[in-house]
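Survey of secondary and tertiary structure
Residues per chain are reported as follows:
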Amino acid sequence: HAKLSPEKLLCQLRDRVNVTMIQRSDGPFGTSEWQQYLPETSFSETVGQLGHCAVVSSAGSLKSSHLGQEIDSHDAVLRFNGAPVRGFQDDVGQKTTIRLVNSQLVTVEEQKFLKESLYNTGILIVWDPAPYHAEIDEWYRKPDYKFFESYKAYRRTYPEQPFYILNPKMQWQLWDILQENSLENIQPNPPSSGMLGIILMMTLCDQVDVYEFLPSKRQTDICHYYQKFHDYACTMGAYHPLMFEKNVVKHINQGTDEDIYTHGKVTLPGFRKVHC
Ligand code: NCC
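Residues numbered from 1 in each chain as written. Predicted model: local features only at pLDDT ≥ 70, side-chain atom pairs only at ≥ 80, totals over all residues. Heavy atoms only, no water.

**Re the site of the ligand**
In the neighbourhood of the ligand, 20 residues make up the surrounding shell, with Asn81, Asn102, Gln104, Ser193 and His224 lying closest. Cysteine 223 places a polar main-chain atom, nitrogen or oxygen, 2.9 Å from a nitrogen atom of the ligand. Coverage of the ligand by the protein amounts to 77% of the 740 Å² it exposes when considered alone. Of all elements in the fold, only α6 (103-108), α11 (193-204), α12 (233-236) and α13 (242-252) reach the threshold of two or more residues within the shell around the ligand. For the shell around the ligand, the class distribution of residues is seven nonpolar, eleven polar and two charged. (Near = heavy atom within 4 Å. Polar contact = N/O pair within 3.5 Å; in protein donor to acceptor, adjacent residues only side chain to side chain. Areas by Shrake-Rupley, 256 points an atom, 1.4 Å probe, with all protein chains shown as cover. Helix = DSSP H or I, 4+ residues; strand = E, 2+ residues; numbered from the N terminus. Nonpolar A, V, L, I, M, F, W, Y, C, P; charged D, E, K, R; others polar.)

As structure tokens, then:
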């Protein structure tokens, strides 16, 4: 099959991936118990419309990048999972507007998640791998990780911090587009937090600069900029279809190859700026 043009691919992403947060009207979340836990203010009211945004992958190649100032110059910054800023400001900046975390972290590392102050900044969003195109009810009964109790515990501890649950429908809407635009069969697993976060920011922002998702000349087998662990799978993918995600992002990049090589930087338009 023929690859879509970048313009058509952007339109597919804009029109077929529905980025929403779980609300009271979503079936099993309509109970009076859940009323106490889900944020009262809707996600769109909480964030509003954003201008220039930065998405900071957790890649080891951010080390010694000195991208901190450039990242912080954006109106909003998205970070992932347990990626710290303290001690790493020079390379990754210090602003955190939104932090997207996976349900594994929230569940398996619940004590750290409840205690570590790095989670207390900005708007939190958790996502969980759902069965392929499952309805909310089916996913609610069989989440990949049983993170709902940890979510509630966090909400009781920090009731003032906005904390949303990503509607799982978007992961497979996005996966379908990744599959349609790849020459091989891709893993039947949801996209990485990084890819979900890029699409999330494209719905919120006028422009999105993504750092070290496509690796720069600093590419390394060091998994994260904040740990000593070495594993090429962090960059290439194992569970998540990371390589296919990166190919698609490369295809819609509006920045230069030079920016990728020197800064690991990709520039994407917000969906508001995409005309189909
Ligand atoms: O490593 P992780 O991802 O938290 O990284 C966040 C996102 O950054 C991009 N990335 C990361 C490292 C790298 N060398 N290159 C990259 O491009 C990816 O887009 C990645 O999504 C996840 O996606 O949620 C993931 O989470 C970790 C782990 O669960 C959390 O860090 C919490 O401890 C997963 N690792 C393991 O389960 C061991 C990882 O597979 C995916």
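**Some details on the packing of helix α10 (residues 169-180) against α11**
The relative placement of two packed helices comes down to the angle between their axes together with the axis-to-axis distance. Two numbers describe how α10 lies on α11: the axes approach to 11 Å, and their chain directions differ by 100°. Considering their axes alone, α10 and α11 lie roughly perpendicular with respect to each other. Along the contact surface, α10 presents Met170, Gln171, Leu174 and Leu178, while α11 presents Met195, Leu196 and Ile199. Residue composition of the contact of α10 with α11, by class: six nonpolar, one polar and no charged. (Axes fitted to C-alpha atoms, helices over the stretch in contact; angles between N-to-C directions. Parallel < 35°, antiparallel > 145°, perpendicular 65-115°, else oblique. Contact = heavy atoms within 4.5 Å.)

**Notes on unusual backbone geometry**
Phi is positive for serine 64, close to 60°, though the residue is something other than glycine. As for its position among the elements, serine 64 is in the loop between β1 (50-56) and α4 (68-72).

**Brief notes about the state of the cysteines**
Using the criterion set out here, one finds three disulfides in the structure. Between the sulfur of cysteine 11 and that of cysteine 276 lies a disulfide, 2.1 Å long from S to S. Residues cysteine 11 and cysteine 276 are joined through a disulfide that is left-handed, its torsion about the S-S bond being -105°. A residue pair is termed long-range when its members are at least 10 positions apart, and cysteine 11 in helix α1 (residues 6-16) and cysteine 276 in the segment after β7 (265-269) qualify at 265 residues. According to the relative accessible area criterion, cysteine 11 is buried, its value standing at 16%. Exposure remark for cysteine 276: the relative accessible area of 56% places this residue in the exposed category. Between the sulfur atoms of cysteine 223 and its disulfide mate cysteine 234 the distance is 2.0 Å. Its S-S torsion of about -95° marks the bond between cysteine 223 and cysteine 234 as left-handed, since a negative value means left-handed. (Disulfide = S-S within 2.5 Å. Buried < 20%, exposed > 50% of the residue type's maximum accessible area, 1.4 Å probe, protein only.)

**Looking at the sheet that holds strand β3 (residues 98-102)**
Pairing within the open sheet is mixed, and its seven strands lie in the order β5-β4-β3-β2-β1-β6-β7. Two strands lie at the open edges of the sheet, namely β5 (163-165) and β7, each paired on one side alone. Strand-to-strand twist in this sheet, taken as the mean axis angle between neighbours without regard to direction, amounts to 20°. Strands in contact with helix α9 (residues 148-157) are β4 (123-127) and β5; relative to β5, the strand with the most contacts, it is inclined by about 160°. (Pairing = 2+ DSSP bridges.)

**Some points on α13**
Along α13, the residues that are buried comprise Leu242, Phe244, Glu245, Lys246, Val248, Val249 and Ile252. For α13, the elements touching its buried residues are α1, α10, α11, α12 and β7.

**A closer look at α10**
Counted at 1.5 Å a residue, the expected span for α10 with its twelve residues is 16 Å, and the 17 Å between its end C-alpha atoms agrees. When you tally the buried positions in α10, you get ten out of twelve residues, the bulk of the element. Among all positions in α10, only Met170, Gln171, Trp172, Gln173, Leu174, Trp175, Asp176, Ile177, Leu178 and Gln179 are buried. Elements in contact with the buried residues of α10: α1, β4, α11 and α13. (Expected span 1.5 Å × (residues − 1).)

**A few points about the pairing of β4**
With five of five residues buried, β4 lies mostly within the body of the structure. Of the two faces of β4, the one carrying Ile123, Ile125 and Trp127 and the one carrying Leu124 and Val126 are both buried. Of the strand pairs in this sheet, β3 and β4 are connected by five bridges, and their pairing is parallel. Counted as the bridge partner of leucine 100 is isoleucine 125 from β4. Where β4 and β5 come together, three bridges link them in parallel fashion. Within the sheet, the bridge partner assigned to leucine 124 lies in β5 and is phenylalanine 163.

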